[in-house]
Amino acid sequence: MNDTQNSTAKHPKGLYVLFFTEMWERFGYYLMLGIFSLYMLDSVDNGGMGFDMVKKSDIYGTYLGLVYLTPFLGGLLADRVFGFRKSIVAGGLLMAAGYLGLALPGEGAFYISLLLIILGNGFFKPNISTLVGNLYDDDKFRANKDAGYNIFYMGINIGAFVCNFVAAYMRINYGWGWAFGAAGVGMLIGVVIFLAGTKHVKHADVMKPVQKEDMSLGKIFSYVLLPVFICGIIGYVVPEKLFDHALLQTKQNDAFIFGCIPVLIFYGSLWTRASKEDKNPIGALLSVMFCVIIFWAVFHQNGDALTVWAKEHTDREMPEAVAAVAQKANMAQVVTYDPANTHGTYFENLPEAKRPEPGKSLLLFSTELYQSINPFWVVLLTPVVVGLWGFLRKRKAEPSTPAKIALGMLITGLSTLVMVAAVSSISMGDEKASSWWLIASYGVITFGELCLSPMGLSLVSKLSPPRLTALMMGGWFLSTAVGNKLSGMLSGLWEGFENKSNFFLMNFGLCIAATILLLVLLKWLRKVMAEKNIH
């Protein structure tokens with residue numbers, strides 16, 4: 001009997017297969033991302049890449065942008081050619097190869113490995129999210145779709161929480177290569193789990209017939225993908241030739257933004273060519289996708305600007321009780337005080353009263369462990385958020401999905417004010433801030449994330465025309481791609497702000513502007529959902 005026919009279950013069995021698959025995939029993804037900036041900044045002699053801050057932020061933003069741009073292609077090919085399950089397996093294997101490749105030395109292996117991860121994520125990410133939504137097409141489960149995405153999202157963050165402890169242990173004890181290798185092993189475990197449980201999701205792997213208004217694959221490759229490469233090359237070469245400098249900080253930024261233009265035009269054409277029935281839902285989704293670019297631009301600074309804050313401006317000394325256990329487990333970062341050589345070290349802005357005697361050491365929390373704060377909050381707060389929506393639903397007071405997204409954007413803005421307070425709490429250059437500021441900021445932004453990110457996935461699943469669901473899921477990740485690239489560009493401004501409070505106030509202003517735009521659209525978005533009999 002098909003598992004969706006279980007009349008007593010609130011969620012289909014396939015959800016838990018996808019939960020654990022995604023948990024292990026995100027284990028690998030966030031393990032790599034948590035050490036990515038640190039690895040690029042570390043010296044070649046120490047096993048790193050030896051890049052400067054500007055090059056590091058440029059590569060970080062470009063990678064994050066491209067890794068969420070390729071879901072457009074992966075979603076399209078899954079919708080039209082391969083189906084969702086084959087695409088997920090292929091994507092997982094490509095990513096595993098990429099993570100394992102990062103363990104190899106040299107810039108050539110570095111860039112080839114990043115390319116494999118970028119392509120793999122394109123096939124994996126939109127299609128596993130689409131399968132989650134398809135599992136809830138049965139009327140018995142339909143009302144629990146938002147909760148299902150929240151549960152799925154918790155799986156993502158269990159993997160993201162655990163991975164940084166593994167990364168710290170492997171890096172401290174064995175080096176960067178072993179840490180990246182652990183990411184590859186995690187991804188392979190996810191593929192095995194998916195293959196073992198595929199019987200519970202195969203009924204949701206259904207390709208819908210192409211409609212007459214849909215562009216053919218040949219035309220998409222000719223009119224969209226080829227122009228992406230052409231526009232990217234134009235962006236890389238032309239602005240510097242015309243103006244003697246890049247328009248957006250670096251040639252890579254220009255190439256990325258120019259390359260996105262044909263894809264953005266393609267999604268716009270989906271709306272202009274859509275049937276009367278599909279036009280409003282597609283327009284609503286594109287409007288929300290545009291707004292949430294700002295969320296990802298602020299949120300993904302956790303791996304760049306906030307990682308720099310944790311490394312350079314946060315008091316990371318372990319309490320004695322924790323240090324004793326961490327040292328036995330080889331999980332502590334050991335730094336030795338040399339008064340004649342403090343520049344660029346942990347001691348540079350540590351007050352004299354907190355410094356040990358010369359030649360003595362401090363035991364620190366490794367910087368990448370701070371990447372586990374956000375997923376810790378997700379795991380902790382997901383039951384709270386799901387319970388809150390359930391409580392309000394019973395009283396017929398649950399906000400609409402677009403209203404939840406607007407609320408999430410507002411709360412994201414408030415999280416940046418916590419960091420403004422963190423900067424104000426110390427004398428920059430002479431003191432380090434308490435770790436509690438980062439913990440608090442991550443707590444606030446996580447609440448906003450839970451209101452926005454899984455609800456965005458749910459909204460795409462609800463409003464997309466069935467034959468375009470994976471393609472529109474790719475559009476959601478395209479907005480993530482642009483936001484991610486913007487996060488690298490914003491983080492690249494970090495060094496230019498003498499008063500770091502102004503950096504976080506800039507982020508606050510962007511979030512408030514996006515919140516206002518969502519509130520303006522809210523009445524129309526609710527109307528579109530009502531027309532589709534969706535709540």
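Whatever comes next refers back to the structure up there.
The structure contained in this document is the topic of the report that follows. (Residues numbered from 1 in each chain as written. Predicted model: local features only at pLDDT ≥ 70, side-chain atom pairs only at ≥ 80, totals over all residues. Heavy atoms only, no water.)

### A look at the overall build of the protein
Alright, step 1. A count of helices and strands for the protein gives 18 helices and 2 strands.
Alright, step 2. Against the 2.2 N^0.38 benchmark of 24 Å for 535 residues, the protein shows a C-alpha radius of gyration of 23 Å, consistent with a compact globule.
Alright, step 3. Projected onto its principal axes, the C-alpha positions of the protein cover 75 × 60 × 45 Å.
Alright, step 4. Going through the 535 residues of the protein one by one, you find that 57% of them count as buried.
Alright, step 5. When the accessible surface of the protein is totalled, it reaches about 21,800 Å², and 65% of it is carbon and sulfur.
Alright, step 6. Distance between charge centroids for the protein: 13 Å, based on 43 positive and 38 negative side chains. (Helix = DSSP H or I, 4+ residues; strand = E, 2+ residues; numbered from the N terminus. Rg over C-alpha atoms; globule rule 2.2 N^0.38 Å. Buried < 20%, exposed > 50% of the residue type's maximum accessible area, 1.4 Å probe, protein only. Areas by Shrake-Rupley, 256 points an atom, 1.4 Å probe, with all protein chains shown as cover. Lys, Arg positive; Asp, Glu negative; His and termini not counted. Charge placed at Lys NZ, Arg CZ, Asp CG, Glu CD.)

### Regarding a nonpolar patch on the surface
Alright, step 1. On the surface, L226, I230, I233, I234, Y236, V237, V238, L242, F243 and L247 cluster together to form a nonpolar patch covering roughly 900 Å² of accessible area.
Alright, step 2. Tracing the backbone through its elements, the reader meets V237 in helix 9 (residues 217-243).
Alright, step 3. With a relative accessible area of 37%, V237 lands in the partly exposed category. (Patch = residues over 30% accessible without salt bridge, like charges linked within 9 Å, V, L, I, M, F, W, Y side chains within 5 Å. Salt bridge = Lys/Arg side-chain N within 4 Å of Asp/Glu carboxyl O.)

### Remarks on the nonpolar core
Alright, step 1. Core analysis: the biggest nonpolar cluster contains 142 residues, and F36, Y63, F110 and W476 have the highest contact counts within it.
Alright, step 2. The greatest single-element share of this core, amounting to 14 residues, is contributed by helix 1 (residues 13-41).
Alright, step 3. If sequence neighbours within four positions are ignored, W476 has contacts with V288, M289, V292, W296, L452, S453, G456, L457 and V460.
Alright, step 4. Membership of the second largest hydrophobic core comes to 8 residues, among which are A168, A323, M331 and A332. (Core = buried A, V, L, I, M, F, W, Y, C linked by side-chain atoms within 4.5 Å. Contact = heavy atoms within 4.5 Å.)

### Structural notes on helix 5 (residues 107-135)
Alright, step 1. When the terminal C-alpha atoms of helix 5 are compared, their 42 Å separation across 29 residues agrees well with the 42 Å that a helix rising 1.5 Å per residue should span.
Alright, step 2. Along helix 5, the largest kink reaches about 30° and is centred on N121.
Alright, step 3. Where burial is concerned, most of helix 5 is hidden: 21 out of the 29 residues are buried. (Expected span 1.5 Å × (residues − 1). Bend = angle between axes of the 7 residues up to and from the residue.)

### Observations concerning the environment of R171
Alright, step 1. Of note, R171 is situated in helix 7 (residues 145-174).
Alright, step 2. Separated by 132 residues in the primary sequence, R171 and Y39 have C-alpha atoms spaced 9.9 Å apart.
Alright, step 3. Those residues within four positions of R171 in sequence are excluded, and the remaining contacts are W176, A179, Q333, S366 and E368.

### Regarding the packing of helix 15 (residues 401-424) against helix 16 (residues 435-463)
How two helices sit against one another is set out by the angle between their axes and by the gap between those axes.
Alright, step 1. In contact at an axis separation of 8 Å, helix 15 and helix 16 are set at 160° when each is read in the N-to-C sense. Between helix 15 and helix 16, the angle is such that the two are roughly antiparallel. The chirality of how helix 15 crosses helix 16 is left-handed.
Alright, step 2. Here the contact of helix 15 with helix 16 is built from residues that sort into 20 nonpolar, 7 polar and 2 charged. (Axes fitted to C-alpha atoms, helices over the stretch in contact; angles between N-to-C directions. Parallel < 35°, antiparallel > 145°, perpendicular 65-115°, else oblique. Left-handed = near helix turned anticlockwise from the far one by under 90°. Nonpolar A, V, L, I, M, F, W, Y, C, P; charged D, E, K, R; others polar.)

### Here we look at the state of the cysteines
Alright, step 1. Applying the stated criterion across every chain yields a total of 0 disulfides.
Alright, step 2. With no disulfide partner, C451 has as its closest neighbouring cysteine sulfur the one in C511, 14 Å distant. (Disulfide = S-S within 2.5 Å.)

### Thoughts on the packing of aromatic side chains
Alright, step 1. Following the criterion strictly, the structure yields 31 aromatic pairs and no others.
Alright, step 2. A centroid spacing of 4.9 Å and a plane angle of 75° characterise the contact between Y39 and F180, whose relative ring orientation is edge-to-face. Of this pair, Y39 sits in helix 1 while F180 sits in helix 8 (residues 176-196), and the two are 141 residues apart along the sequence.
Alright, step 3. One aromatic cluster in this structure is built from F36, Y39, F51, Y60, Y63, F110, Y111, W176 and F180.
Alright, step 4. Above the plane of the ring of Y29 lies R26, whose end atom (NZ or CZ) is 4.0 Å from the centre.
Alright, step 5. The ring of Y346 is capped by K432, whose NZ or CZ atom sits 4.3 Å from the centre of that ring. (Phe/Tyr/Trp six-rings, centres within 6.5 Å; stacked < 30°, edge-to-face > 60°. Lys NZ or Arg CZ within 6 Å of the ring centre and 35° of its normal.)

### Quick look at helix 12 (residues 305-313)
Alright, step 1. Here helix 12 lies mainly inside the structure; 7 of its 9 residues are buried.
Alright, step 2. Along helix 12, the residues classified as buried are A305, L306, T307, V308, W309, A310 and H313.

### A closer look at the pattern of salt bridges
Alright, step 1. In total, this model carries 11 salt bridges according to the counting rule given.
Alright, step 2. In this structure, E352 and R355 form a salt bridge, with 3.4 Å as the shortest nitrogen-oxygen distance.
Alright, step 3. The class of E352 is exposed, set by a relative accessible area of 58%.
Alright, step 4. What emerges from the salt-bridge pattern is a single network uniting R393, E398 and K404.

### Here's the deal with the packing of helix 14 (residues 373-394) against helix 16
Alright, step 1. Remark: helix 14 packs on helix 16, axes separated minimally by 9 Å, with the N-to-C direction vectors making an angle of 45°. With respect to helix 16, the axis of helix 14 lies oblique. Crossing angle aside, the handedness with which helix 14 passes helix 16 is right-handed. Taken together, the residues of helix 16 that come into contact with helix 14 (itself represented by I373, N374, W377, V378, L381, T382, V385, L388 and W389) are I439, Y442, G443, T446, F447, E449, L450 and C451.
Alright, step 2. Residues that form the contact of helix 14 with helix 16 fall into these classes: 12 nonpolar, 4 polar and 1 charged.

### Comments concerning unusual backbone geometry
Glycine aside, residues mostly have negative phi angles, and peptide bonds mostly take the trans form.
Alright, step 1. The phi dihedral of D244 is positive, around 65°, even though this residue is not glycine.
Alright, step 2. Relative to the helices and strands, D244 resides in the loop between helix 9 and helix 10 (251-273).
Alright, step 3. The backbone of K396 sits at a positive phi, close to 55°, despite the residue not being glycine.
Alright, step 4. Summarising the element assignment, K396 is placed in the loop between helix 14 and helix 15.

### A few points about the side chain of D254
Alright, step 1. Looking at the element boundaries, D254 is found in helix 10.
Alright, step 2. Among buried charged residues, D254 stands out as having no salt bridge; its nearest opposite-charge side chain is K485, 8.9 Å away.
Alright, step 3. When neighbours within four sequence positions are excluded, D254 is seen to be in contact with G235, P239, A246, L247 and L248.

### Observations concerning the environment of N349
Alright, step 1. Assignment of secondary structure puts N349 in the loop between strand 1 (333-336) and strand 2 (361-364).
Alright, step 2. Apart from the residues lying within four places of it in its own chain, the contact partners of N349 are E312, H313, G429, D430, E431 and K432.

Shape descriptors only; they carry no functional weight alone.
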